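A closer look at the structure
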Amino acid sequence: MKDTYKAVEVSAPGVLRAVERQISEPGAGQVRIRVEACGICHTDAATVTGTYPGLTLPRVPGHEVIGRIEALGAGVSRWKIGQRVGVGLIAGEDGTCEPCRRGDMVNCQNPVVSGVTVDGGYAEVMIAEARGLASIPDELGSAEAAPLLCAGITTYNALRNAGLRGGDLVAVQGIGGLGHLGIQFARQMGFHTVAIGRGSEKEKLAKDLGAHVYIDTAVDDSAALLQRMGGARAILATAPSGDAMGLLVSGLAARGKLIVVGVPQDPMQLNAFPLVFGGRSVYGSLTGTAIETEDALAFSVLENIRPMIETVPLEEAADAYARMMQGKARFRMVLVTKNGAAQSAPVH
């Protein structure tokens, strides 16, 4: 076996370049993964631009990583050589900070962050913490499973932890990388699902994904329309526009929740009146633990939920990243290595 592997690293802010790296052995509690696929996520921009707090370069981005274990570090007993696993954004916790001690590992104050504090999946090989691994179901191809490790678990957890009941009116703002999965999860969880997008051309896609109703913000006031439907018990805000998100609060039912999972560059402007009169709330939701990711994958298999993807060879990572940043991806870009090219499922 070769003692080097290909990787695409951020060598300086804004610069993605292909390099050869030396293969290293996993340390205690770690595994070495032969990467098959890695999704490109908007969060990767914080690594590529060098703006993530505490980031040191060079760094290999990528936190939607699927591959097979090829080496085990000392003390790793739960995982086996050849097993297919996934690594998400939060790829390990310290176990000692206050959030961890209270069982809130996702909000660990000193987490292992794929593609930020450690090298991620824009590579043929990755070292990962065994405690941060998720098992991948056989029913999912590596390329289609990759986005479920971030966009999937983020929208799935946000909805299932919102205290909703079957039949509740739930709106999903945005029909992009996050939203197109959020609509599918909302429908399959049994909610009265409303998709909010801009432009009549998105209506067919929204309904194909499972939306019962489509609201076109180019012609309708989405908050007013939601109120005429009785108000939304929850609105999942996925499109990165602070302006658009803030206006949605008025579309919530009493005690309704605006759940923010997309991170806009511009600030959100909120009117306090609908918050106070009606007890409405706004809060954020971030990814999930490894075992919660396994829940999201299992639910996706159960209800036939899949991301819409475009696959690109690892060597073309810079072009694929640019396509994602320009909003041209439909809807998730996935890098595929030579290890995963043969196993990749067909594009949906």
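Residues numbered from 1 in each chain as written. Predicted model: local features only at pLDDT ≥ 70, side-chain atom pairs only at ≥ 80, totals over all residues. Heavy atoms only, no water.

Another aspect to go through is the overall build of the chain. What the chain contains, in helices and strands, is eleven helices and 15 strands. A compact globule built from 348 residues would reach a C-alpha radius of gyration of about 20 Å, and the chain, at 20 Å, matches this within 12%. For the C-alpha atoms alone, the extent of the chain along its principal axes is close to 65 × 45 × 40 Å. Within the chain, buried positions represent 55% of all 348 residues. Taking contacts inside the chain between residues at least 6 apart in sequence as the whole, the part at least 24 apart equals 66%. (Helix = DSSP H or I, 4+ residues; strand = E, 2+ residues; numbered from the N terminus. Rg over C-alpha atoms; globule rule 2.2 N^0.38 Å. Buried < 20%, exposed > 50% of the residue type's maximum accessible area, 1.4 Å probe, protein only. Contact = heavy atoms within 4.5 Å.)

Here helix α10 (residues 290-302) contains 13 residues, and its C-alpha end-to-end distance of 18 Å stays within 8% of the 18 Å for a straight helix at 1.5 Å per residue. By the burial criterion, the buried members of α10 are Ala290, Thr293, Glu294, Ala296, Leu297, Phe299 and Ser300. Of the surrounding secondary structure, the elements contacted by the buried residues of α10 are β7 (133-135), α3 (142-145), α4 (151-160) and α5 (179-188). One or two steps after α10, the chain reaches asparagine 304, where phi turns positive at roughly 55°. (Expected span 1.5 Å × (residues − 1).)

Here the focus is the nonpolar core. Of all hydrophobic cores here, the largest spans 42 residues; its most connected members are Leu159 and Phe185. Looking at this core, the elements that each hand over two or more residues are α3, α4, β8 (169-173), α5, α6 (203-209), β11 (232-237), α10 and β15 (332-336). Each residue touching leucine 159, except ones within four places of it in the same chain, is listed here: Leu164, Val170, Gly182, Phe185, Ala186, Met189, Phe191 and Leu236. By size, the runner-up hydrophobic cluster in this structure holds 39 residues, among which are Val19, Cys38, Val65 and Ala317. (Core = buried A, V, L, I, M, F, W, Y, C linked by side-chain atoms within 4.5 Å.)

Our next topic: the environment of aspartate 221. Of note, aspartate 221 is situated in the loop between β10 (213-216) and α7 (222-228). C-alpha separation for the pair aspartate 221 and leucine 247, spaced 26 residues apart in sequence, amounts to 9.5 Å. A polar atom in the side chain of aspartate 221 sits 3.1 Å from the backbone nitrogen of alanine 224. (Polar contact = N/O pair within 3.5 Å; in protein donor to acceptor, adjacent residues only side chain to side chain.)

In this section: the packing of α4 against α5. The N-to-C vectors of α4 and α5 enclose an angle of 40°; their axes lie 9 Å apart at closest approach. Considered as vectors, α4 and α5 are oriented oblique to each other. Relative to α5, the crossing made by α4 is right-handed. Side by side, α4 and α5 meet where Ala151, Gly152, Thr155, Tyr156 and Leu159 of the first sit next to Leu181, Gly182, Phe185 and Ala186 of the second. Class assignment for the residues of the contact of α4 with α5 results in six nonpolar, three polar and no charged. (Axes fitted to C-alpha atoms, helices over the stretch in contact; angles between N-to-C directions. Parallel < 35°, antiparallel > 145°, perpendicular 65-115°, else oblique. Left-handed = near helix turned anticlockwise from the far one by under 90°. Nonpolar A, V, L, I, M, F, W, Y, C, P; charged D, E, K, R; others polar.)

So, on to the environment of phenylalanine 185. Relative to the helices and strands, phenylalanine 185 resides in helix α5. Residues phenylalanine 185 and proline 13 lie 172 residues apart in sequence; the distance between their C-alpha atoms is 36 Å. What phenylalanine 185 contacts, discounting residues up to four positions off in sequence, is Gly152, Thr155, Tyr156, Leu159, Ala296, Phe299, Ser300 and Ile305.

Across seven bridges, the pairing between strand β3 (residues 30-40) and strand β4 (residues 65-72) is antiparallel. In the strand pairing of β4, arginine 32 is matched with alanine 71. Bridge count for β4 against strand β5 (residues 84-87) is four bridges, and the pairing is antiparallel. Its bridge partner lying in β5, glycine 67 is registered against valine 85. (Pairing = 2+ DSSP bridges.)

In this chain, leucine 57 is followed by proline 58 through a cis amide linkage whose omega measures 0°. Here the residue pair arginine 330 and phenylalanine 331 is connected by a cis peptide bond, since its omega of -5° sits within 30 degrees of zero. Of note in this structure, threonine 287 is not a glycine but carries a positive phi near 35°. Note that threonine 287 resides in the loop between β13 (281-284) and α10. Residue threonine 287 is classed as buried on the basis of its relative accessible area, which comes to 5%. The backbone of asparagine 304 sits at a positive phi, close to 55°, despite the residue not being glycine. Within the secondary structure, asparagine 304 sits in the loop between α10 and β14 (309-313).

The final tally for this structure, using the stated rule, is 18 salt bridges. Put simply, aspartate 119 and arginine 59 hold a salt bridge, and the shortest N to O gap is 3.0 Å. Here aspartate 119 is found in the loop between α2 (98-101) and β6 (125-129), whereas its partner arginine 59 is found in the loop between α1 (45-48) and β4, with 60 residues between them in sequence. Judged by relative accessible area, which is 24%, aspartate 119 ranks as partly exposed. (Salt bridge = Lys/Arg side-chain N within 4 Å of Asp/Glu carboxyl O.)

We now examine the packing of α4 against α10. For the pair α4 and α10, the least separation of the axes is 9 Å and the interaxial angle reads 95°. Comparing their axes, α10 and α4 come out roughly perpendicular. On α10, the residues touching Ile153, Tyr156, Asn157 and Arg160 of α4 are Glu292, Thr293, Asp295, Ala296 and Phe299. Per-class residue counts for the contact of α4 with α10 are four nonpolar, two polar and three charged.

Enumeration over the complete set of coordinates arrives at four aromatic pairs. Judged by centre distance (5.5 Å) and plane angle (45°), the rings of tyrosine 156 and phenylalanine 299 are tilted. Taken together, the residues tyrosine 156 in helix α4 and phenylalanine 299 in helix α10 connect sequence positions 143 residues apart. This pair shows no difference in class: tyrosine 156 is buried, exactly as phenylalanine 299 is. Both rings, one in phenylalanine 185 and one in phenylalanine 299, keep their centres 6.1 Å apart while their planes meet at 35°; by these two values the pair is tilted. With a gap of 114 residues between them, phenylalanine 185 in helix α5 and phenylalanine 299 in helix α10 connect regions that are remote in the sequence. (Phe/Tyr/Trp six-rings, centres within 6.5 Å; stacked < 30°, edge-to-face > 60°.)

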